Amino acid sequence: MSAAMTFGSDNHAGMAPEVLTALAEANVGHASGYGDDRWTEQAENLLGNAFGDAAFALCLTGTGSNVVALSLALRGWESVLTAKGAHIDLDEAGAPEHIIGSKLETIATPDGRLTPELLDAALRAREQHHVVQRVVSITQSTECGTAYTPAAVQAIADWAHAHELLLHVDGARLCNAAATNRCGLGEVAPGADLISFGLTKNGAMGAEIVVAINPSLRAPIQNARKQATQLQSKMRFVAAQVTALLTDDRWLNHATHANAMALRLADGIGNAAGVSIIHPVEANAVFAVLPAARISALAEKHHFYIWDAPTNLARLMTAWDTSPAEVDQLVADIVAG
Ligand SMILES: Cc1ncc(COP(=O)(O)O)c(C=O)c1O
């Protein structure tokens, strides 16, 4: 039996129907390339409504949008403070260090979230032998399935600015964090200077947007995108996805649904024998230690990743299209153990 591809990643989900429809509608006739088209104008208007006054650069991948965003803030002798295990640390093949030439300094966290106290401990005096600590990068929601409250993000922004650093937010799952916090996209990372805003995990095929909020970082955004190879010539197709998901709060419906499916899963397995959920479930991921003897049978039927083999820790992710029935089947199979 081949396992259903359900709980592996929100990246395993397909495109939302509205995105597919928008792509087909954009696929009529010719249009100018590189963003000089009405689809890009419409998408940037909607982004402006969501995030307020900012410069936007539509990109293709989350790694690319992180590189573009960070490149606006960093020079080679400057560094980024980020959580150990953050996507920029672990899952981007060293792209920020390689392309920008800046060092990443990682900080261990209990649940993916940085705090001013953790940052205090990592702060160094500025002197000529050290890299200059220039950016704090946090992930909202985090790689551990936790979400910062807006107040917690503001506290980090205040810390960063008080120490002459900037705040970058990797928002590959910003929609999930906004849904959890019941706030708008423009309110879920207050004080941020730069946001990498992701829609791919929300039902796009590939649409990730650099949001440059700090006015001093906005001017070179288009050049930075081009140099980081993220300028799509057929931009209307990226823009059409953005418009599809930002219209009628579809992003919110998708994120709310994915989050609800994660909570349903956590509620279902939380008290099961041999199961322990190690992080608060505040977005669309459940990190659960599973009974060792059950893992191979479960993996034959359901697709998920073992995050830490020695401790039998699994990452179970939900997506905009995960169905309650799929969740209930996984719960039943885990509980049956
Ligand atoms: C936190 C985070 N940032 C960024 C990304 C974007 O990655 P990609 O370059 O694969 O689009 C991901 C994707 O998994 C992610 O989880």
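Residues numbered from 1 in each chain as written. Predicted model: local features only at pLDDT ≥ 70, side-chain atom pairs only at ≥ 80, totals over all residues. Heavy atoms only, no water.

Q: How do you make sense of the site of the ligand when you look at a structure like this?
A: As a structural note, the neighbourhood of the ligand is formed by N11, T61, G62, T63, N66, H87, T139, E143, D170, A172, R173 and K201. Backbone polar atom of G62 to an oxygen atom of the ligand: 2.8 Å apart, as the coordinates give it. Interatomic distance of 2.6 Å between a side-chain N/O atom of K201 and an oxygen atom of the ligand. Protein burial of the ligand: of its 390 Å² of free accessible surface, 78% is covered by the chains. Among the cavities detected, the one that contains the ligand is the largest pocket. Considering each element in turn, the shell around the ligand owes the most residues, three residues, to helix 3 (residues 62–73). (Near = heavy atom within 4 Å. Polar contact = N/O pair within 3.5 Å; in protein donor to acceptor, adjacent residues only side chain to side chain. Areas by Shrake-Rupley, 256 points an atom, 1.4 Å probe, with all protein chains shown as cover. 1 Å grid on protein atoms, 1.4 Å probe; cavity = no way out; pocket = protein on both sides within 12 Å on 5 of 7 lines; lining within 4 Å. Sits in = over half its atoms within 2 Å of the grid points. Helix = DSSP H or I, 4+ residues; strand = E, 2+ residues; numbered from the N terminus.)

Q: I'm lost on the domain arrangement of the protein chain in this one. Help?
A: Interfaces are often described in size by the accessible area the parts lose on coming together. Along its sequence, the protein chain is carved into domain 1 (17–248) and domain 2 (250–335). Computed from C-alpha coordinates alone, the two centres of domain 1 and domain 2 are separated by 27 Å. Between domain 1 and domain 2 the total buried area reaches about 1,800 Å² when both faces are included, carbon and sulfur atoms providing 53% of it. When the buried surface of domain 1 facing domain 2 is broken down by residue, G145, N176 and N202 rank first, second and third, together holding 22% of it. The interface formed by domain 1 and domain 2 includes two salt bridges. Between D248 and R250 there is a salt bridge; the shortest N-O distance is 3.8 Å. Across the contact surface, domain 1 and domain 2 share 13 residue pairs in polar contact (both at pLDDT 80 or more). Contributions of two or more residues to the side of domain 1 that touches domain 2 are made by helix 1 (17–26), helix 8 (174–181) and helix 10 (235–246). Examining the composition of the side of domain 1 that touches domain 2, we find that five residues originate from one element, helix 8, more than from any other. (Domains from an automatic or database assignment. Buried area = accessible area lost by both parts, 1.4 Å probe. Salt bridge = Lys/Arg side-chain N within 4 Å of Asp/Glu carboxyl O.)

Q: It is not clear to me how the layout of surface pockets should be interpreted in this structure. Could you clarify?
A: Left-over empty space is what a probe sized like a water molecule reveals as it rolls over the atoms. Approximately 750 Å³ is the volume attributed to the largest pocket. Around the largest pocket, the lining comprises 38 residues; the ones closest to its centre are H87, D91, E143, W307 and R315. Of the residues belonging to the lining of the largest pocket, the class tally is 12 nonpolar, 17 polar and nine charged. Mapped onto the domain boundaries, the lining of the largest pocket takes at least three residues apiece from domain 1 (17–248) and domain 2 (250–335). (Points joined across faces, edges and corners; volume = space filled by probe spheres on them. Nonpolar A, V, L, I, M, F, W, Y, C, P; charged D, E, K, R; others polar.)

Q: Explanation requested: the packing of helix 11 (residues 250–269) against helix 13 (residues 324–335) in the structure shown.
A: In helix packing, the relevant descriptors are the interaxial angle and the interaxial distance, both defined with respect to the helix axes. Contact geometry of helix 11 with helix 13 gives a least axis separation of 9 Å together with a crossing angle of 20°. Viewed along their axes, helix 11 and helix 13 adopt a mutual orientation that is roughly parallel. Along this stretch, helix 11 crosses helix 13, giving a crossing that reads as right-handed. Across the interface between the two elements, M261, R264, L265, G268 and I269 from helix 11 touch P324, V327, D328, L330, V331, I334 and V335 from helix 13. By residue class, the composition of the contact of helix 11 with helix 13 is nine nonpolar, one polar and two charged. (Axes fitted to C-alpha atoms, helices over the stretch in contact; angles between N-to-C directions. Parallel < 35°, antiparallel > 145°, perpendicular 65-115°, else oblique. Left-handed = near helix turned anticlockwise from the far one by under 90°. Contact = heavy atoms within 4.5 Å.)

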